[in-house]
Structure formats: C-alpha cells, structure tokens
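Chain and residue survey
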Amino acid sequence: MVSLYDVAVGTRQSIRIAITAQLHRFDKAQIAMRAEDFDARDELTIKLNGGQSLYIPDDLLSDQSNRLGLMDIPLSALKSGANELTFTFASNLGGTTSGFKVHEVLLVLTAN
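The following paragraphs examine the structure supplied in this document. Keep in mind that what you see is a predicted model, and the values were worked out from it rather than measured.

For the protein, the count of helices and strands is zero helices and seven strands. In sequence order, the secondary structure elements of the protein are arranged as β-β-β-β-β-β-β. The C-alpha atoms of the protein give 14 Å as radius of gyration, which agrees with the globular expectation for 112 residues (13 Å, within 12%). Once the C-alpha set of the protein is aligned to its principal axes, its extents read approximately 45 × 25 × 20 Å. Sorting the 112 residues of the protein into buried and exposed places 34% on the buried side. When the accessible area of the protein is evaluated, it comes to approximately 6200 Å², of which 46% is carbon and sulfur surface. Here the protein contributes 10 positive and 13 negative side-chain charges, whose respective centroids are spaced 9 Å apart.

See the structure below:
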C-alpha cells in the first residue's frame, strides 16, 4: 500500500512490480488500481520506471472515497524483471487536500 497522507508536497513512494513473462507475447498493458482520495489529476503524479507521468482516468478521481480503475500504459515502458511505479504527492491543491492512498495495484497484460 502507498500512503501519502499528511506528508510534504513532493513526497514520493514507490512499489515494485516483478514481470517474469515474455513481454513480446502481449499486445496491451494496464494497471488496475484501487485508490482513495485522488481529488484531481494535479494532486499527484504516477510514473513507471522513471518515465513520463501516466494519465489518471476519471474513474479513479474522487473526493475521499475508494475507487477502482484501469490505467493504460505503454508496453514499451515495461521491462522484464523489476519495474517501479512511483507515486508523488504533487500538490495540496491550495490547501484543500492532504494526500491520498493506493490500496491495491495489479498489472494486467493482454494478448490477442
């Protein structure tokens, strides 16, 4: 679990996702996530392996409640072995939020 409540803006936490499958066998990659209190996209950033920020879909945004959602990620951003997903508390939105939590993360690989 990632908990970025009551921390300074700019604080980061990472989780590791191990991939043992051969990535060339898959056509699509997504991250399934259960998150709490993603107030707005400006509140946080999510990066995979230090790359560009991932797009946070509307179904994960909510003031305080837990939400389930899927985030599309480029297969090219993944690598065999250890992958790092980094969450950053990027903004307190003018003092209106004190952070967020991520309860579950699952990598979903799909082959056609």
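The discussion continues.
Enumeration over the complete set of coordinates arrives at two aromatic pairs. The interplanar angle of 90 degrees and the centroid separation of 5.2 Å between the aromatic rings of F38 and F100 together place this pair among those described as edge-to-face. Here F38 is found in the loop between β3 (28-36) and β4 (44-48), whereas its partner F100 is found in strand β7 (residues 99-110), with 62 residues between them in sequence. Seen from their ring centres, F89 and F100 are 6.4 Å apart, and the 65 degrees between their planes marks the pair as edge-to-face. Linking F89 in strand β6 (residues 81-89) with F100 in strand β7, this pair joins segments that are 11 residues apart in sequence. Members of the aromatic cluster, connected to one another through ring pairs, are F38, F89 and F100.

Turning next to the environment of D58. Relative to the helices and strands, D58 resides in the loop between β4 and β5 (66-73). According to the relative accessible area criterion, D58 is exposed, its value standing at 53%. A polar contact of 2.3 Å, which involves the side chain of D58, links it to the side chain of R41.

Let us now look at the pattern of salt bridges. Two side chains that carry opposite charge are able to pair once their charged atoms sit near each other. Taken as a whole, this structure holds three salt bridges when the rule is applied. The residue R34 makes a salt bridge to E104 at a minimum N-O spacing of 2.8 Å. With R34 in strand β3 and E104 in strand β7, this residue pair connects regions lying 70 residues apart in the sequence.

Right, let's talk about the pairing of β3 for a bit. Sheet analysis places β3 next to β7, joined by nine bridges and oriented antiparallel. Note on β7: the bridge partner recorded for A35 is V102. Where β3 meets β5, eight bridges bridge the pair, whose relative direction is antiparallel. Note on β5: the bridge partner recorded for E36 is N66.

Glancing now at the environment of Q30. Among the secondary structure elements, Q30 is positioned in strand β3. Sequence separation of Q30 and P74 is 44 residues, and the distance between their C-alpha atoms is 8.2 Å. Not counting residues within four places of it along the chain, the set of residues in contact with Q30 comprises L70, M71, D72, I73, L106, L107 and V108. Within the local environment of Q30, its side chain forms a polar contact with the side chain of D72, the two groups lying 2.9 Å apart.

This part takes up the side chain of D37. Tracing the sequence through the fold places D37 in the loop between β3 and β4. Comment: no salt bridge for buried D37; closest opposite-charge side chain is K101, at 9.4 Å. Not counting the four nearest positions on each side in its chain, D37 is found in contact with Y5, E43, S62, D63, Q64, S65, T97, G99 and F100.

Reading the values: the criteria
- Residues numbered from 1 in each chain as written.
- Predicted model: local features only at pLDDT ≥ 70, side-chain atom pairs only at ≥ 80, totals over all residues.
- Heavy atoms only, no water.
- Helix = DSSP H or I, 4+ residues; strand = E, 2+ residues; numbered from the N terminus.
- Rg over C-alpha atoms; globule rule 2.2 N^0.38 Å.
- Buried < 20%, exposed > 50% of the residue type's maximum accessible area, 1.4 Å probe, protein only.
- Areas by Shrake-Rupley, 256 points an atom, 1.4 Å probe, with all protein chains shown as cover.
- Lys, Arg positive; Asp, Glu negative; His and termini not counted.
- Charge placed at Lys NZ, Arg CZ, Asp CG, Glu CD.
- Phe/Tyr/Trp six-rings, centres within 6.5 Å; stacked < 30°, edge-to-face > 60°.
- Polar contact = N/O pair within 3.5 Å; in protein donor to acceptor, adjacent residues only side chain to side chain.
- Salt bridge = Lys/Arg side-chain N within 4 Å of Asp/Glu carboxyl O.
- Pairing = 2+ DSSP bridges.
- Contact = heavy atoms within 4.5 Å.

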